[in-house]
Amino acid sequence: MVDFLNYFFGKGDSVEFTNFTVAHFLPIIIAAGIIFFVYRFRKEIKGMGVAIVTPFTKEGEVDYAALEALVQMHLDCGTDFLCVLGTTGETPTLTNDEKREIRKRIIKQVDGRMPIMAGFGGNCTRNVVEELKTEDLTGIDAILSVAPYYNKPVQEGVYQHYKAIAQATELPIYMYNVPGRTGVNILPSTVVRLAKEC
C-alpha cells in the first residue's frame, strides 16, 4: 500500500499491484462518480426567481389546486427558479405536515424543469439542523435560511447558527437577511467568514 501511495505522490518509480484488485478501488470510484454527478448536475440558482406564496381556502386549509396553478404559471412563463416555503410562503402559519406536503407536490410538479430553493429557517438552530437532517431533500437544489429572528444574536451567534446549518447539509445555503423583520443584521464580515470557513 505504501508503494502504491508513493507512486501517486511522486515518491517512487514503481508500484506493486499484486495485492490490489478492482474491488479495492471500487468504493473510491463509486464515491468519486457520485460526487461528480451531484456537483455536475445540480441545477444552478441564477436568473429571476420567485418566492411562491401559499394559497389558502376560505376555511384556512392549503389550497393545493391554486398552488398547482401558480407553479404551472411559472413553469409556462419562464421563471428561472422557485423559492418554496420562504416567509412569503406563510411558513410561520403552516404545520410541519403541510410544509412537507407542499414541498412534495411542488417537487413532483416541477419534475426537474427548474431549480427549487426551499426555506428551512428559524430562531432555534437545533430545530433547523434537525429538520435538514431528517427531511427528504431530494429534488431541492438549495436552502434559503432566514437569520435567527427575535433572539437578536450577536455576530458570533449568527456565525455559529449558519455554521451548524452548513454542517447539516451538502446543499448550497442562501442567507436571508431582513433586519426589519428579524431584529438582527447579518454583517458582511460574518458572511465573508462563513464563506471562507464553512
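Refer to the structure presented above.
Residues numbered from 1 in each chain as written. Predicted model: local features only at pLDDT ≥ 70, side-chain atom pairs only at ≥ 80, totals over all residues. Heavy atoms only, no water.

Turning next to the side chain of T182. On the secondary structure map, T182 appears in helix α7 (residues 179-182). In this structure T182 comes out as buried when scored by relative accessible area, which is 3%. For T182, the side chain forms a polar contact with the main-chain oxygen of V184, separated by 2.9 Å. Dropping the residues within four chain positions of it, T182 is found in contact with V146, A147, Y149 and Y150. (Helix = DSSP H or I, 4+ residues; strand = E, 2+ residues; numbered from the N terminus. Buried < 20%, exposed > 50% of the residue type's maximum accessible area, 1.4 Å probe, protein only. Polar contact = N/O pair within 3.5 Å; in protein donor to acceptor, adjacent residues only side chain to side chain. Contact = heavy atoms within 4.5 Å.)

On to the nonpolar core. Of all hydrophobic cores here, the largest spans 18 residues; its most connected members are F120, L132, L137, I140, I143 and Y162. If you list the elements that add at least two residues to this core, you get α5 (125-134) and α6 (155-168). Look past the residues within four positions of I140 in its chain and what remains in contact with it is R103, I107, I116, A118, F120 and L171. One finds I52, L67, L82 and L85 within the second-largest nonpolar core, a separate group that totals 15 residues. (Core = buried A, V, L, I, M, F, W, Y, C linked by side-chain atoms within 4.5 Å.)

Here the focus is the environment of G121. Among the structural elements, G121 can be located in the loop between β3 (116-119) and α5. Exposure remark for G121: the relative accessible area of 38% places this residue in the partly exposed category. Residues within four places of G121 in sequence aside, it is in contact with V128, S145 and V146.

Taking strand neighbours across the sheet as the criterion, the 5 strands line up as β1-β2-β3-β4-β5 in an open arrangement whose pairing is parallel. One side of each edge strand has no neighbouring strand; the edge strands of this open sheet are β1 (49-51) and β5 (173-176). With direction set aside, neighbouring strand axes in the sheet form an average angle of 20 degrees. Two strands pair when backbone bridges link them, and β3 and strand β4 (residues 142-146) are joined in this way by 3 bridges, in the parallel orientation. (Pairing = 2+ DSSP bridges. Axes fitted to C-alpha atoms, helices over the stretch in contact; angles between N-to-C directions.)

Moving on to the packing of helix α3 (residues 64-77) against helix α4 (residues 96-110). As a packed pair, α3 and α4 sit with axes 10 Å apart at the nearest point and diverge in direction by 40 degrees. Relative to α4, the element α3 is oriented oblique. The element α3 and its partner α4 pack so that their crossing is right-handed. Of the residues in α4, those touching α3 at Y64, L67, E68, V71, Q72 and L75 are E98, E101, I102, R105, I106, Q109 and V110. Taken together, the residues that form the contact of α3 with α4 break down as 7 nonpolar, 2 polar and 4 charged. (Parallel < 35°, antiparallel > 145°, perpendicular 65-115°, else oblique. Left-handed = near helix turned anticlockwise from the far one by under 90°. Nonpolar A, V, L, I, M, F, W, Y, C, P; charged D, E, K, R; others polar.)

Further remarks concern the pattern of salt bridges. Under the criterion given, the structure shown has 7 salt bridges. R105 is paired through a salt bridge with E101; the nearest N and O atoms lie 2.8 Å apart. Of this pair, R105 and E101 both sit in helix α4, separated by 4 residues, roughly a single helical turn. For E101, a relative accessible area of 22% corresponds to the partly exposed category. In this structure, a network of salt bridges that share partners links the residues D97, R100, R103 and E135. (Salt bridge = Lys/Arg side-chain N within 4 Å of Asp/Glu carboxyl O.)

It is worth spelling out the pairing of β5 at this point. Relative to β5, β4 runs parallel, the two sharing 4 bridges. Residue pairing in the sheet places V146 in a bridge with Y176 of β5. As for the winding sense of the linkage, the β-α-β connection from β4 through α6 to β5 is right-handed. (Right-handed = clockwise from strand over helix to strand, strands pointing away.)

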